[in-house]
Amino acid sequence: DAQDELETIYENMVANLLSLLDVHSITILSLDKLRGVYTHHYSLKKNGAAAELFTISEQDSIVAELSRGKPFVASSEPFMTARPAFLTGVKTFYFFPIMVNKKVESILGIFDDVLKESDLSVVAVFCKQTALSIENQRLHRDLYDKFDRFAAVSELTQSITSILDYETLLKTILEKSAELLKAEQGSLMLVDYETN
């Protein structure tokens, strides 16, 4: 299942980052397209405590900066210091984009730690690698869907080549086409050459 694969990708990313870096809390926020917000998807804390749940609007300045290609947004940036606190008790934070097809697919947040320059590079590489994994997963799924459709078209072709009765042929073409397209109903219209 695609959702399970995505979950595994995020779990591996967060677990690896938590073990590589000296950080306490990492969260992945995924875009909920219906609500227009990035919402809690997965998180890990070194002390095992539950992560604070929060959302970030698609129109938020954090998302705007990340969409423009900024490698991360930190709490120390001037435009962040003026905003009201949306994470209770969090002193420092970093948000990194996971960009898929030039869009912010999800956001990785690291909280209550000051990252070194080398840490920032490591996180950025992990985000890029995760984005590639997500893209790869989707390409595989699309490819398998195309194989399935090709197999269905091939089966359709084989099933109609042996039909000699015209009415049966038309009925089979309609039924198999509806099945191929997962349609609930369909119709086949033929030109009446006498009336056009």
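Refer to the structure presented above.
So, a few notes on the structure that sits alongside this text. (Residues numbered from 1 in each chain as written. Predicted model: local features only at pLDDT ≥ 70, side-chain atom pairs only at ≥ 80, totals over all residues. Heavy atoms only, no water.)

### Quick notes on the overall build of the protein
Rules: Helix and strand definitions follow DSSP, with helices as H or I runs of at least four residues and strands as E runs of at least two, each counted in order from the N terminus. Here the radius of gyration uses the C-alpha set of atoms, whereas the globule reference equals 2.2 Å times the residue count to the power 0.38. Relative accessibility under 20% of the residue-type maximum defines a buried residue, over 50% an exposed one, and the middle range a partly exposed one, all with a 1.4 Å probe and only protein chains included. We call two residues in contact when some of their heavy atoms are within 4.5 Å.
Assigned secondary structure in the protein consists of five helices and six strands. Along the protein, helices (α) and strands (β) appear in the sequence α-β-β-β-α-β-α-β-β-α-α when read from the amino end. Its C-alpha atoms give the protein a radius of gyration of 25 Å, clearly above 16 Å, the size a compact globule of 196 residues would have. Viewed in the frame of its principal axes, the protein has a C-alpha envelope of about 80 × 35 × 30 Å. Expressed as a percentage of its 196 residues, the buried residues of the protein come to 33%. By sequence separation, contacts in the protein at least 24 residues apart represent 48% of the contacts at least 6 residues apart.

### With respect to the sheet that holds strand 2 (residues 37-45)
Heads up, the rule is: Strands were regarded as paired on the criterion that DSSP finds at least two bridges between them. Only the stretch in contact is used when fitting a helix axis, every axis being a line fitted to C-alpha atoms; angles between N-to-C directions are given from 0 to 180 degrees.
Across the sheet, which stays open at both edges, the six strands sit in the order 3-2-1-6-5-4 with antiparallel pairing between neighbours. Two strands lie at the open edges of the sheet, namely strand 3 (55-57) and strand 4 (73-74), each paired on one side alone. Of the strands in this sheet, strand 1 (25-32), strand 2, strand 5 (93-100) and strand 6 (103-111) are in contact with helix 1 (residues 2-20), which crosses strand 2 at around 50 degrees. Its contacts with the sheet place helix 4 (residues 117-161) against strand 5 and strand 6, and it is angled at close to 30 degrees to strand 5.

### Re unusual backbone geometry
Of note, the phi angle at N101 is positive, near 55 degrees, even though the residue is not glycine. Tracing the sequence through the fold places N101 in the loop between strand 5 and strand 6.

### Things to note about the pairing of strand 6
In terms of burial, strand 6 is largely enclosed, as eight of its nine residues are buried. Pairing analysis gives eight bridges linking strand 5 to strand 6, with the strands arranged antiparallel. Across the sheet, I98 pairs through a bridge with S106, a residue of strand 6. Count of turn residues in the strand 5/strand 6 antiparallel hairpin: two residues, of which N101 carries a positive phi of about 55 degrees.

### Description of the nonpolar core
Here is the rule: Residue types Ala, Val, Leu, Ile, Met, Phe, Trp, Tyr and Cys, when buried and joined through side-chain atoms within 4.5 Å, form a set referred to as a nonpolar core.
In terms of nonpolar packing, the biggest core is built from 25 residues, with I26, I28, F96, I98, L108, I110 and V123 touching the most fellow members. Those elements that place two or more of their residues in this core are helix 1, strand 1, strand 5, strand 6 and helix 4. Of the residues forming this core, the biggest block, seven residues, is contributed by helix 1.

### A word on the packing of helix 4 against helix 5 (residues 166-180)
Convention followed: For classification, angles of less than 35 degrees are called roughly parallel, those exceeding 145 degrees roughly antiparallel, those between 65 and 115 degrees roughly perpendicular, and all remaining angles oblique. For this classification, Asp, Glu, Lys and Arg are treated as charged, while Ala, Val, Leu, Ile, Met, Phe, Trp, Tyr, Cys and Pro are nonpolar and the rest, including Gly, are polar.
Orientation of helix 4 relative to helix 5, taken along the N-to-C sense of each, is 170 degrees, at an axis distance of 10 Å. Between helix 4 and helix 5, the crossing angle belongs to the class labelled roughly antiparallel. Contacts between helix 4 and helix 5 involve R149, A152, V153, E155, L156, S159 and I160 on the former and, on the latter, L169, T172, I173, K176, S177 and L180. Residue composition of the contact of helix 4 with helix 5, grouped by class: seven nonpolar, three polar and three charged.

### Considering the pattern of salt bridges
Quick note on the threshold: What makes a salt bridge here is a side-chain nitrogen of Lys or Arg within 4 Å of a carboxyl oxygen of Asp or Glu, nothing more.
Tallying each qualifying case throughout the model produces six salt bridges. For D32, the salt bridge goes to R35, with nearest N and O atoms at 3.5 Å. Under the relative-accessibility criterion, R35 is labelled exposed at 54%.

### Things to note about the packing of aromatic side chains
This is how the line gets drawn: Any pair of Phe, Tyr and Trp rings, taking the six-membered ring for Trp, is counted once the centres come within 6.5 Å. Such a pair is stacked with planes under 30 degrees apart, edge-to-face with planes over 60 apart, and tilted for the rest.
What the rule picks out here adds up to seven aromatic pairs. With centroids separated by 5.8 Å and ring planes inclined at 90 degrees, the aromatic side chains of F54 and F111 adopt a geometry described as edge-to-face. Remark: F111 occurs in strand 6 and F54 occurs in the loop between strand 2 and strand 3; sequence separation between them is 57 residues. Here F54 matches F111 in class, with each residue buried. On the numbers, 6.1 Å between centres and 55 degrees between planes, the contact of F72 with Y94 is tilted. Taken together, the residues F72 in the loop between helix 2 (61-67) and strand 4 and Y94 in strand 5 connect sequence positions 22 residues apart.

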